[in-house]
Amino acid sequence: MANIKEVAALAGVSTTTVSHVINETRFVAEETRERVFAAMRELNYAPSLVARSLKVKETNSIGMLVTTSSNPFFAEVVRGVERYCFEQGYNLMLGNTEGQAETALSYLKMMLRKRVDGLLIMCSEGQQEVFNQLDWLKTLPVVVMDWGLVSEDVDLIADNSFHGGYLATRHLIELGHTAIGCIT
């Protein structure tokens, strides 16, 4: 695979100029831009996102751990997150933990090695091992969804099922119902 130096040599410009054309960071004359793009096509050159991410310290990727994406609730949330990531120019890296702490930790380590820009965790209770790892993630934005620890280091999105159940039951009692069932 060709590199940026070969593109620059074929186009008769510096590697800095090639970089400016690719990243649109500075004005480059249209004729020069066309030569750079022609050289890129001829050499079948694709800019390295890995090299770029090392320089700018961003990967435009978000990691997400879920208990299982086959559960309709989780699947709908994942679908929404994925759609929003795409609209914002981010890639979503998804890890299904299947409720296994070992699997969750493996995905977590892989996502950290891939230098995700942020992490979403939507794991069921019992995934405490994952949350125990969060203290060494201080520099990474983390959002815990649905259930998780309360910490100043992570943001938590959670419903209040207990309070909702209380309000629903109270409403039914106020309507005069005495035989109340709950299906979950």
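Residues numbered from 1 in each chain as written. Predicted model: local features only at pLDDT ≥ 70, side-chain atom pairs only at ≥ 80, totals over all residues. Heavy atoms only, no water.

J.: Break down the pairing of strand S4 (residues 142-145) for me, citing the residues and quoting the values.
T.: Here S4 shows a buried face lined by Val-142 and Val-144 and a second buried face lined by Val-143 and Met-145. Pairing of strand S3 (residues 118-122) with S4, which is carried by 3 bridges, proceeds in the parallel orientation. Opposite Leu-120, over in S4, you have Val-143 as the bridge partner. (Buried < 20%, exposed > 50% of the residue type's maximum accessible area, 1.4 Å probe, protein only. Helix = DSSP H or I, 4+ residues; strand = E, 2+ residues; numbered from the N terminus. Pairing = 2+ DSSP bridges.)

J.: I'd love a proper account of the pattern of salt bridges, names of residues and values included.
T.: Counted according to the given criterion, the structure contains 4 salt bridges. Residues Arg-35 and Glu-31 are paired through a salt bridge, measuring 3.6 Å at the closest nitrogen-oxygen approach. Residue Arg-35 and its partner Glu-31 are both found in helix H3 (residues 30-43); the two are separated by 4 residues, about one turn of the helix. Two residues, Arg-79 and Glu-76, come together in a salt bridge whose shortest N-O distance is 3.7 Å. Taken together, the residues span about one helical turn, with Arg-79 and Glu-76 both in helix H5 (residues 72-87) at a distance of 3 residues. Judged by its relative accessible area of 44%, Arg-79 is partly exposed. Looking at Glu-76, the relative accessible area reads 47%, which means it is partly exposed. (Salt bridge = Lys/Arg side-chain N within 4 Å of Asp/Glu carboxyl O.)

J.: So what's going on with H3? Which residues, and what values?
T.: Because the α-helix completes a turn every 3.6 residues, residues three or four places apart line up on one side. Between its first and last C-alpha atoms H3 spans 20 Å; for 14 residues at 1.5 Å apiece the expected length is 20 Å, and the two agree. Buried within H3 are the following residues: Thr-32, Val-36, Ala-39 and Met-40. The buried residues of H3 occupy an angular sector of 100 degrees when projected down its axis, which confines them to one face. Those residues of H3 that are exposed and angled more than 90 degrees off the buried face are Glu-31, Arg-41 and Glu-42. Next to the buried residues of H3 lie helix H1 (4-11) and helix H2 (15-23). Phi for Asn-44, located one or two positions after H3, is positive at around 55 degrees. (Expected span 1.5 Å × (residues − 1). Arc of directions from axis to C-beta. Contact = heavy atoms within 4.5 Å.)

J.: Describe in detail the environment of Gly-118, supporting the description with residues and values.
T.: By secondary structure assignment, the location of Gly-118 is in strand S3. Between the alpha carbons of Gly-118 and Gly-63 there is a distance of 6.3 Å; along the sequence they are 55 residues apart. Leave out the neighbours within four places in its chain, and Gly-118 touches Ser-61, Ile-62, Gly-63, Leu-140 and Pro-141.

J.: Go over the packing of H2 against H3, please, and point to the residues and values.
T.: Running from amino to carboxyl end, H2 crosses H3 at an angle of 90 degrees, the nearest separation of the two axes being 10 Å. Classed by the angle they form, the pair H2 and H3 counts as roughly perpendicular. Side by side, H2 and H3 meet where Thr-17, Val-18, Val-21 and Ile-22 of the first sit next to Thr-32, Arg-33, Val-36, Phe-37 and Met-40 of the second. Within the contact of H2 with H3, the residues separate by chemical class into 6 nonpolar, 2 polar and 1 charged. (Axes fitted to C-alpha atoms, helices over the stretch in contact; angles between N-to-C directions. Parallel < 35°, antiparallel > 145°, perpendicular 65-115°, else oblique. Nonpolar A, V, L, I, M, F, W, Y, C, P; charged D, E, K, R; others polar.)

J.: So what about the environment of Asn-91? Which residues, and what values?
T.: Mapping Asn-91 onto the fold places it in strand S2 (residues 91-96). Overall, Asn-91 belongs to the exposed group, its relative accessible area being 51%. Along the backbone, Asn-91 and Ile-62 are 29 residues apart, and their C-alpha atoms lie at a distance of 6.2 Å. Residues contacting Asn-91, with those up to four places away along its chain left out, are Asn-60, Ser-61 and Ile-62.

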